[in-house]
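# Structural overview
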Protein chains: 2
Amino acid sequence: MTLAEENYLKAIYHLEQQFPKGVSTNALAEEMKTKASSATDMVKKLAEKDMLTHIPYQGATLSEAGRGYAVKVIRRHRLWEVFLVEKLNFSWDEVHEVAEHLEHINSDKLIDELDAFLEFPIYDPHGDPIPDKQGHFKHIEKIVLAKAEVGSTYKCVGVDDTSSKFLKYLDSNAIGLGTIMTIKHKEPFDNSIKIALEHSEMVVSQSVAKNLYLKKV
Amino acid sequence: MTLAEENYLKAIYHLEQQFPKGVSTNALAEEMKTKASSATDMVKKLAEKDMLTHIPYQGATLSEAGRGYAVKVIRRHRLWEVFLVEKLNFSWDEVHEVAEHLEHINSDKLIDELDAFLEFPIYDPHGDPIPDKQGHFKHIEKIVLAKAEVGSTYKCVGVDDTSSKFLKYLDSNAIGLGTIMTIKHKEPFDNSIKIALEHSEMVVSQSVAKNLYLKKV
DNA sequence: CTTATAATTTAGACAAAACTAAAAATATGT
DNA sequence: ACATATTTTTAGTTTTGTCTAAATTATAAG
Ligand SMILES: [Mn+2]
Ligand SMILES: [Mn+2]
Ligand SMILES: [Mn+2]
Ligand SMILES: [Mn+2]
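All figures in this text were calculated on a predicted structure; none of them were measured in a lab. (Residues numbered from 1 in each chain as written. Chains lettered and ligands numbered in written order. Predicted model: local features only at pLDDT ≥ 70, side-chain atom pairs only at ≥ 80, totals over all residues. Heavy atoms only, no water.)

### Digging into the protein's contact with DNA strand D
For clarity, the cut-off: Proximity is defined per residue: if any heavy atom of the residue lies within 4 Å of a molecule or strand, that residue is considered near it. The term polar contact refers here to a pair of N or O atoms within 3.5 Å; inside protein, the definition further demands a hydrogen-donor-capable atom paired with an acceptor-capable atom, and it admits residues adjacent in sequence only when both atoms are side-chain atoms. A helix here means a DSSP run of H or I that spans at least four residues, while a strand means a run of E at least two residues long, and both kinds are numbered starting from the N terminus. Three residue categories are used. Nonpolar comprises Ala, Val, Leu, Ile, Met, Phe, Trp, Tyr, Cys and Pro, charged comprises Asp, Glu, Lys and Arg, and polar comprises the others, including Gly.
In the neighbourhood of DNA strand D, 20 residues make up the surrounding shell, with Thr25 and Lys44 of chain A together with Thr2, Thr34 and Lys45 of chain B lying closest. With respect to DNA strand D, the side chain of Thr25 of chain A contributes an N or O atom lying 2.7 Å from a phosphate oxygen. Interatomic distance of 3.0 Å between a backbone N/O atom of Tyr57 of chain A and a phosphate oxygen of DNA strand D. Taken together, the elements giving at least two residues each to the surface near DNA strand D come down to α2 (25–31) and α3 (36–48) of chain A together with α1 (3–18) and α3 (36–48) of chain B. Looking at the surface near DNA strand D residue by residue, the classes come out as six nonpolar, 10 polar and four charged.

### Considerations on the pairing of strand β6 (residues 192–196) of chain A
Residue and element names in this part refer to chain A. Filter applied, for reference: When accessible area is computed with a 1.4 Å probe and restricted to protein chains, residues below 20% of their type maximum are described as buried, those above 50% as exposed, and intermediate ones as partly exposed. When DSSP finds two or more bridges between a pair of strands, those strands are recorded as paired.
A large share of β6 lies buried, amounting to four of its five residues. As paired elements, strand β5 (residues 180–187) and β6 share five bridges and run antiparallel to each other. Bridged to Ile183 within β6 is Ile195. As paired strands, β6 and strand β7 (residues 201–204) are joined by four bridges and run antiparallel to one another. Looking across to β7, one finds that Ile195 is bridged to Met202. Joining the antiparallel neighbours β6 and β7 is a turn of four residues.

### Overview of the domain arrangement of chain A
The accessible area lost on association of the parts is a frequent measure of interface size. Condition: Marked domain ranges trace back to an automatic or database domain assignment.
Segmentation of chain A into domains returns domain 1 (3–62) and domain 2 (143–216). A C-alpha centroid distance of 33 Å is found between domain 1 of chain A and domain 2 of chain A.

### What to know about the nonpolar core
Burial of nonpolar side chains together is a common tendency in soluble globular proteins. Where we set the bar: By convention a nonpolar core is built from buried Ala, Val, Leu, Ile, Met, Phe, Trp, Tyr and Cys residues, the set being connected through side-chain atoms within 4.5 Å. Contacts are assigned to residue pairs that have any heavy atoms within 4.5 Å of one another.
Within the largest apolar cluster, 34 residues are counted, with the highest numbers of intra-cluster contacts made by Trp80, Phe83 and Leu84 of chain A together with Phe83, Leu84 and Leu102 of chain B. Elements with a contribution of two residues or more to this core: α4 (64–88), α5 (95–102) and α6 (108–117) of chain A together with α4 (64–86), α5 (95–102) and α6 (108–117) of chain B. The element that contributes the greatest number of residues to this core is α4 of chain A, accounting for six residues. Once residues lying within four places of it in the same chain are set aside, the contact partners of Phe83 of chain B are Phe83, Leu114 and Phe117 of chain A together with Leu88, Leu114, Phe117 and Leu118 of chain B.

### Remarks on the interface of chain B and chain A
Inclusion rule: Two parts lose some accessible area (1.4 Å probe) when they are put together, and adding that loss for both gives the buried area. Here, a salt bridge means any Lys or Arg side-chain nitrogen found within 4 Å of an Asp or Glu carboxyl oxygen.
In this assembly, 18 residues from chain B lie in contact with 18 residues from chain A. Of the roughly 1,500 Å² buried where chain B meets chain A, counting both sides, 81% is carbon and sulfur surface. In this structure, the connection of chain B to chain A is made through two salt bridges. Connecting chain B to chain A are two residue pairs in polar contact (both at pLDDT 80 or more). Elements with a contribution of two residues or more to the side of chain B that touches chain A: α4, α5 and α6 of chain B. Among the residues forming the side of chain B that touches chain A, the class breakdown is 11 nonpolar, three polar and four charged.

### A look at α5 of chain A
Applied cut-off: Of all possible arcs, the one meant is that of the directions from the helix axis to the C-beta atoms.
Here α5 of chain A has its buried residues at Val95, Val98, Ala99 and Leu102 of chain A. Within α5 of chain A, the buried residues cover an arc of 100° as seen down the axis, which keeps them to one side.

### Quick look at unusual backbone geometry
Its identity as a non-glycine residue notwithstanding, Asn89 of chain A has a phi of 60°, on the positive side. With respect to the secondary-structure elements, Asn89 of chain A resides in the loop between α4 and α5. Asn89 of chain A gets classed as exposed once you look at its relative accessible area, which sits at 54%. In this structure, Ala174 of chain B is a non-glycine residue whose phi angle is positive, near 60°. Looking at where Ala174 of chain B falls in the secondary structure, it is placed in the loop between α7 (164–172) and β5 (180–187). Given the relative accessible area of 60%, Ala174 of chain B is considered exposed.

Put into structure tokens, the structure is as follows:
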């Protein structure tokens, strides 16, 4: 698999969560920040390699081989993110770009040893699960802040948006993985939510509330 | 710089040690395991980018910028090799191939933090010096085993050939960086050399003797 | 000095991965 | 149902880095 093919497989894998009955050319092109014609070309190439099935005009679906390969790339990406945060003093908003490159280095020994060196982490710095060598994910129970119940207390366990902007916003408000919060009030007018942290209270907008994952404590 | 350009710069840098008055197209093509016409094309491109000067039919010489870039890639390569050996249990014959890929990941923070994490190593697992952030090498005093004096005692400080075959040969004879040896006899007939290690004696061929670096103790 | 050989460059082609523009298929609205 | 809008595919280019084959320049020998 070339670098470009690996990136497409990963993109299709992520889009399949959202579109389980087939990933459209336009969605894929948007995810890859490229044009629809390029996406078509690559989908045809990956179909030729039996990484996916493609019905023209209907969308693409990963084969077992394609899904396995995508999961492998995701495993590498997330392990490197852990390494960068735990060992090289990167913050959670700095790791993604570098991990996008590291994830393409193809050496089983490298990844297995890295996994052991990091003591077999289960979650990456954004709370996303790291598949094991066999490609199995540890399922993580989580709800999005937007659907949390008023009066209940939760622990922050993940983020959906991993953009630097969003993560820095969270940093500046002392919200990170493990942060405990209680839902004080949901404002029906604009879907903003008032939350209580350990030493402060704050109101977060709907777009924040849709990108923070919580678990009841 | 693209991946291919970085590899060519590194190759030219290494060949300049051997051919200080200019690297020939054929030598470069051989080093890069490609054809002379491809080497010519790349040399012209690198000349266009002011990474080197090229007089047609006469050879290529790195510019300051080109040399600086080559040294940067070498620094990355050797730091990753240290990481693989020190932290991920790679042996010295396994690191080169993976480091060939890792060396192309371009992030100053990544390399500076890695350097600090490894506690600023000065030599890589093959005894080669690691340039610092400014591109300065620590000069290492060493002679090749083939030119060692009979009767003197030396410490092994490096290898020239870093092929897996050669390194595994050394492993199987308990020779590594730091190994102490005394030169017992030089055989004029085939230039083989009898050496005494801590607990054994052995005879090494000329091709081994030309690839082991020593320092008098 | 002329010729043979070797090294180097040029010309033309190809594969990968992208693009633009145009054609074809599908989906939508009345 | 049918015209229109949207999505997807096809056709034809482009760039990067490679190749083969042919032409050019340098080097060596007689
Ligand atoms: Mn990431
Ligand atoms: Mn992540
Ligand atoms: Mn190496
Ligand atoms: Mn080395």
